[in-house]
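# Summary of structural features
Chain by chain, the residues:
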Amino acid sequence: MSNKLMKKRTLLIKVAALAVVAVLAATLFVGCSANDNSGQTPVNQNNNNAQGVQTPVGDNSESEKLEEIVIEARGFLYESYSASSGGNYGDRTIKYSYLGIEGAYWGDLENGVPDGWGSFMDSYEYIGDKLSADGDAAAIGYFENGHLTDGTLYNYKGGTYKGYFSNDKPNGYGELTINDVEYKGNFVDGDLTIGVIDYEDEDDYYGEISNLQPNGYGAKWTVESHLNGTDVTRESSFTDSGYYQNGSL
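This is a predicted model, so every value here is computed, not measured. (Residues numbered from 1 in each chain as written. Predicted model: local features only at pLDDT ≥ 70, side-chain atom pairs only at ≥ 80, totals over all residues. Heavy atoms only, no water.)

### Focus: the overall build of the protein
Stated formally: Put simply, DSSP H or I for four residues or longer makes a helix, DSSP E for two residues or longer makes a strand, and each gets a number counted from the N terminus. When a residue's accessible area, from a 1.4 Å probe over protein chains only, is under 20% of the maximum for its type it is buried; when over 50% it is exposed; and in between it is partly exposed. Throughout, a contact is declared for two residues whenever any of their heavy atoms are within 4.5 Å. In this description, accessible areas are obtained by the Shrake-Rupley approach with a 1.4 Å probe, and a residue is regarded as covered only by the protein chains that are shown.
Helices and strands together make up the secondary structure of the protein, namely two helices and 14 strands. Across the 249 residues of the protein, 41% fall into the buried class. By sequence separation, contacts in the protein at least 24 residues apart represent 34% of the contacts at least 6 residues apart. Total accessible area on the protein is roughly 13600 Å²; 45% of this is exposed by carbon and sulfur atoms.

### Structural notes on the packing of aromatic side chains
Where we set the bar: Pairing of aromatic side chains here covers Phe, Tyr and the six-membered ring of Trp, requires ring centres within 6.5 Å, and sorts the geometry by plane angle: under 30 degrees stacked, over 60 edge-to-face, intermediate tilted.
The tally for this structure, following the rule as stated, stands at 13 aromatic pairs. With 5.1 Å between their ring centres and 75° between their planes, Y205 and Y244 make a pair best called edge-to-face. Taken together, the residues Y205 in strand β12 (residues 204-210) and Y244 in strand β14 (residues 231-244) connect sequence positions 39 residues apart. Across this residue pair, the class does not change: Y205 and Y244 are buried. Seen from their ring centres, Y217 and Y243 are 5.0 Å apart, and the 80° between their planes marks the pair as edge-to-face. Separated by 26 residues along the polypeptide, Y217 in strand β13 (residues 213-228) and Y243 in strand β14 bring together distant segments of the chain.

### Focus on the pairing of strand β8 (residues 159-166)
Test applied: Strand pairing follows a simple DSSP-based rule, namely that at least 2 bridges must link the two strands.
Relative to β8, strand β7 (residues 147-156) runs antiparallel, the two being bridged by five bridges. Looking across to β8, one finds that T152 is bridged to K162. Counting the residues between successive antiparallel strands, the hairpin from β7 to β8 contains two residues, one of them, K157, with a positive phi of roughly 50°. Here β8 runs beside strand β9 (residues 169-178); their pairing, made up of six bridges, is antiparallel.

### Considerations on the pattern of salt bridges
How we decide: Should a side-chain nitrogen of Lys or Arg be within 4 Å of a carboxyl oxygen of Asp or Glu, the pair is scored as a salt bridge.
This structure, assessed with the given rule, holds one salt bridge. Ionic pairing is found between K220 and E202, a salt bridge with its closest N-O pair at 3.7 Å. Taken as a pair, K220 in strand β13 and E202 in the loop between β11 (191-198) and β12 lie far apart in primary sequence, 18 residues in all.

### Details of the confidence of the model for the protein
Basically, it comes down to this: Known as pLDDT, the predictor's confidence for each residue is given on a scale from 0 to 100.
Residues of the protein with pLDDT of at least 70 account for 67%, and the chain-wide mean is 76. The low-confidence segment residues 1-57, where pLDDT is below 50, has 75 contacts with residues more than four positions distant or belonging to other chains.

### With respect to the environment of W221
Inspection of the secondary structure assignment puts W221 in strand β13. What makes W221 buried here is its relative accessible area of 12%. Between the alpha carbons of W221 and Y206 there is a distance of 7.4 Å; along the sequence they are 15 residues apart.

### Quick word on the pairing of β11
Burial analysis of β11 places six of its eight residues in the buried class, the great majority of the element. Note that strand β10 (residues 181-188) and β11 share seven bridges and pair antiparallel. Note that in β11 the partner of N186 across the bridge is I194. The turn joining β10 and β11, which pair antiparallel and follow one another in sequence, is formed by two residues; a positive phi near 50° is taken by D189. In the sheet, β11 pairs with β12 via four bridges, with the strands oriented antiparallel. Looking at β12, one finds that G195 is bridged to G207. Counting the residues in the hairpin turn of β11 and β12 gives five residues.

### Description of a negative patch on the surface
Put simply, the rule is: Nonpolar side chains (Val, Leu, Ile, Met, Phe, Trp, Tyr) within 5 Å and like charges within 9 Å form the patches, drawn only from residues with over 30% relative accessible area and no salt bridge. The positive count covers Lys and Arg only, the negative count covers Asp and Glu only, and His and the chain ends enter neither. Lysine's charge is taken at NZ, arginine's at CZ, aspartate's at CG and glutamate's at CD.
A cluster of acidic residues, D122, E125, D134 and D136, forms a negative patch on the protein surface. Counting through the fold element by element, E125 comes out in strand β5 (residues 113-127). With relative accessibility at 35%, the residue E125 sits in the partly exposed group.

### Points about unusual backbone geometry
Located in the positive-phi region is L99, a residue other than glycine, with phi close to 55°. Relative to the helices and strands, L99 is located in the loop between β3 (93-98) and β4 (101-110). Unusually for a residue other than glycine, N145 sits at a positive phi of about 50°.

### Details of the nonpolar core
What counts, and what does not: Only buried Ala, Val, Leu, Ile, Met, Phe, Trp, Tyr and Cys residues count toward a nonpolar core, and they belong to the same one when joined by side-chain atoms within 4.5 Å.
Counting 26 residues, the largest nonpolar core has F120, L176 and Y183 as its most contacted members. Leave out the neighbours within four places in its chain, and L176 touches Y156, G159, T160, Y161, V181, E182, Y183, F187 and L212. Ranked by size, the runner-up nonpolar core spans 14 residues in total, among them Y173, I194, Y206 and Y217.

Take a look at the structure:
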């Protein structure tokens, strides 16, 4: 990834973080002020303040951690995966077994294994005496020493993953789309740990994630549209903020 792209990404994340700090500071302050006896309330138990925003009650460190998590997660909203530019495929096709699939690889090779830009297909066929990759694409991108490091993996957890890999698993920034739900953020050993869940029919979630559902500190981002004559205004705010377990607050 170029230094220019990294600087641009860092700038966007900082701008997003500053905007979110202002929103969270206001909502968290209201939530904490409404609970003067917070020391008597168990940590991770939620309380509704006057604005309907749930904040964790307890010492200030709980609110600060929630704020930090949501700011970091919202930063992924402005991330965007862009595959490394692939050159021309090498005119080389080999039988290859990858991720438990017996198929064929077509692309750049080094010492007889995928290395460089290429495509792994889930089957193969012979046309005359020439091997040809066939079927559906299982993985496309940049390979190093036989393993995908940067690209697209199909049929991953029932969806399509685009991003970075290590040890044949999503590791680092990635985007996973399953049906109409998009998951964006930081993956560790194949599991999304923090980021954004962009739902089709409900408010998006920002925060800690496990097993592709809210787990840990996070909040929902609500956008409301108001029509005033011919003008449309939109108001956005964090709601349902606090500590989630298995998808529930």
